[in-house]
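# Remarks on the overall topology
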Amino acid sequence: MVPAGPFDQVVLPHLDAAYNLARWLTRSDVDAEDVVQEACVRALRFFGGFRGDDARSWLLAIVRNSCYDFLRRRRPQELTDAFDEEIHTAVEQTQTPEALLLRRADRAMVRQALETLPLAWREVIILRELEGLSYKQIADVAGIKIGTVMSRLARARARLQQLLGSDAAREVAR
Amino acid sequence: MNCTDVRSLVHAHLDGELDLLREVEIDDHVRQCEGCQAIYESQRALSSALKGDGLYFTAPASLQRKVRAAMRSTAEPSRGWSRAFSPQRLALAGAAAIVIVAAIAGPIVSRRSHDDQIAQEVVSAHIRSLMASHLTDVLSSDQHTVKPWFAGKLDFSPPVVDLKDQAFPLVGGRLDYVENRPIAALAYLSGQHVINLFIWPSTSSADAGESFLGRQGYNALSWTRDHTNFWAVSDLNATELRRFAQLVRDRSDGG
């Protein structure tokens, strides 16, 4: 755990995490770079208020908000889509694809499946699976309740299984 | 626990958000239930597909430069930033990057190799205790016999807990030698498996959470609490060893 120290020591070690989140949320290299820069400037501004010991979550929360601000300005449609999905989709009780089938899913398939997830689901999956954050940390970063983290994760995973299961099944059939 | 319970907890379980007892209960159920097993396997497969290479985007080198530049222009002295980010400091930041990485990674790395060394020592001590049939100096399943036995032999009093009711009967205690000092070793049984619990005072005042190492087919779990190092070593499986460790901690707190 990194104690609060000078800004560059606390924040810059988490630049990869910041970029990874921004890249997945904006789905663009160029936009991700812009957003991370903006987020770091914001972080520097708020740094006086940082008292915690979890610098990564603190920075990721700022990056996440910067991403949402950016999307609100540039691609507001994506935020509405996420909202609609949340309201209108129940957790699918589809048949579970066989583990074997999922193991066949290649990297390109997985990447594409992740990119098609609604924003609100994509962020919890990225924070959990790629960044390894706990439910509590995800709740803090995304500004949602732990219960919401859990239901979004369940929905996101059900969707991913559906997408990857059918993709992999098609590959097998070919 | 029935299938509905087990299935509703699949995510929390695989994400490591459950307590150990709940985990053990679910694992038992999943082993015996084909339907639940398929669901767990499928979730695990998804998780490992997501952990593959090529999905994590690392920051391009140019970004680090841009961020530093952006921070520098933001951190004009007239804007009143804290002294920690004086322009000189930020100008030096590029050169300091390596130092920073070393400063942060250094203690972690050296702590790890230190732990590795101790792991080797305690695993060797564990093996010796079995080879030489010298498991105990004081053969007693009574914690009130074992604990006083250490008095006068060690410069600290190790916590001795009885876990017979949890199927980890205490066999006895002995002196051992780790990290260049005499330490307490308590022997417990789990079925046919011997667990050695090594205990000695910690030089650091900070508590440390559980860390796990595998060595030569043995499992070693360590943690630090109340200025005391604990190492549990056994050929017992990791889940059961964790349960043992948790019980030791719970009981030590209680008394």
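Details of the structure are given in the entry above.
Residues numbered from 1 in each chain as written. Chains lettered and ligands numbered in written order. Predicted model: local features only at pLDDT ≥ 70, side-chain atom pairs only at ≥ 80, totals over all residues.

### Describing helix H9 (residues 135-142) of chain A
Residues and elements named next belong to chain A. Within H9, burial applies to Tyr135, Ile138, Ala139, Val141 and Ala142. What you see down the axis of H9 is that its buried residues fit within an arc of 165 degrees, all on one side. Glycine 143 sits one or two positions beyond H9 and adopts a positive phi of about 65 degrees. (Buried ≥ 20, exposed ≤ 12 C-beta atoms within 10 Å, placed from the backbone. Helix = DSSP H or I, 4+ residues; strand = E, 2+ residues; numbered from the N terminus. Arc of directions from axis to C-beta.)

### Remarks on the interface of chain A and chain B
The interface of chain A with chain B comprises 40 residues on the first partner and 37 residues on the second. Broken down by secondary-structure element, the contributors of at least two residues to the side of chain A that touches chain B are helix H1 (7-11), helix H2 (15-26), helix H3 (29-46), helix H6 (99-103), helix H7 (107-116), helix H8 (119-130) and helix H10 (146-173) of chain A. No other element matches the seven residues that H10 of chain A contributes to the side of chain A that touches chain B. Looking at the side of chain A that touches chain B residue by residue, the class counts come to 22 nonpolar, seven polar and eleven charged. (Contact = placed C-beta atoms within 7 Å. Nonpolar A, V, L, I, M, F, W, Y, C, P; charged D, E, K, R; others polar.)

### Considering unusual backbone geometry
Outside of glycine, negative phi angles account for most residues, and trans bonds account for most peptide bonds. Residue and element names in this part refer to chain B. The phi dihedral of aspartate 226 is positive, around 45 degrees, even though this residue is not glycine. Within the secondary structure, aspartate 226 sits in the loop between strand S6 (218-225) and strand S7 (228-234). One non-glycine residue, histidine 227, lies in the positive phi region at around 65 degrees. Along the chain, histidine 227 falls in the loop between S6 and S7.

### A few points about the packing of H8 of chain A against H9 of chain A
Residues and elements named next belong to chain A. Running from N to C, H8 and H9 cross one another at 135 degrees; their axes reach a closest spacing of 10 Å. Looking at the two axes, H8 sits oblique to H9. Crossing geometry of H8 relative to H9 is assigned as right-handed. Contacts between H8 and H9 involve Glu123, Val124, Leu127 and Arg128 from the first element and Ile138, Val141 and Ala142 from the second. Taken together, the residues of the contact of H8 with H9 break down into five nonpolar, no polar and two charged. (Axes fitted to C-alpha atoms, helices over the stretch in contact; angles between N-to-C directions. Parallel < 35°, antiparallel > 145°, perpendicular 65-115°, else oblique. Left-handed = near helix turned anticlockwise from the far one by under 90°.)

### A closer look at the nonpolar core
Counting residues in hydrophobic clusters, the biggest one holds 59 residues, and the most contacted among them are Ala18, Ala22, Val36 and Val63 of chain A. Residue contributions to this core peak at nine residues, all from helix H4 (residues 55-74) of chain A. Excluding residues that lie within four positions of it along the chain, alanine 22 of chain A makes contacts with Ala32, Val35, Val36, Val63 and Cys67 of chain A. Judged by nonpolar contacts, the second largest core, of 33 residues, contains Phe150, Tyr188, Ala220 and Ala232 of chain B. (Core = buried A, V, L, I, M, F, W, Y, C linked by C-beta atoms within 7 Å.)

### Digging into the sheet that holds strand S5 (residues 208-215) of chain B
Residue and element names in this part refer to chain B. One open sheet holds the seven strands; their spatial order is S1-S2-S3-S4-S7-S6-S5, and the pairing between them is antiparallel. Either end of the sheet is taken by a strand with one partner, and the two such strands are strand S1 (138-139) and S5. Bridge count between strand S3 (residues 181-190) and strand S4 (residues 193-201): seven bridges; the pairing is antiparallel. By the bridge assignment, leucine 186 is partnered in S4 with leucine 197. (Pairing = 2+ DSSP bridges.)

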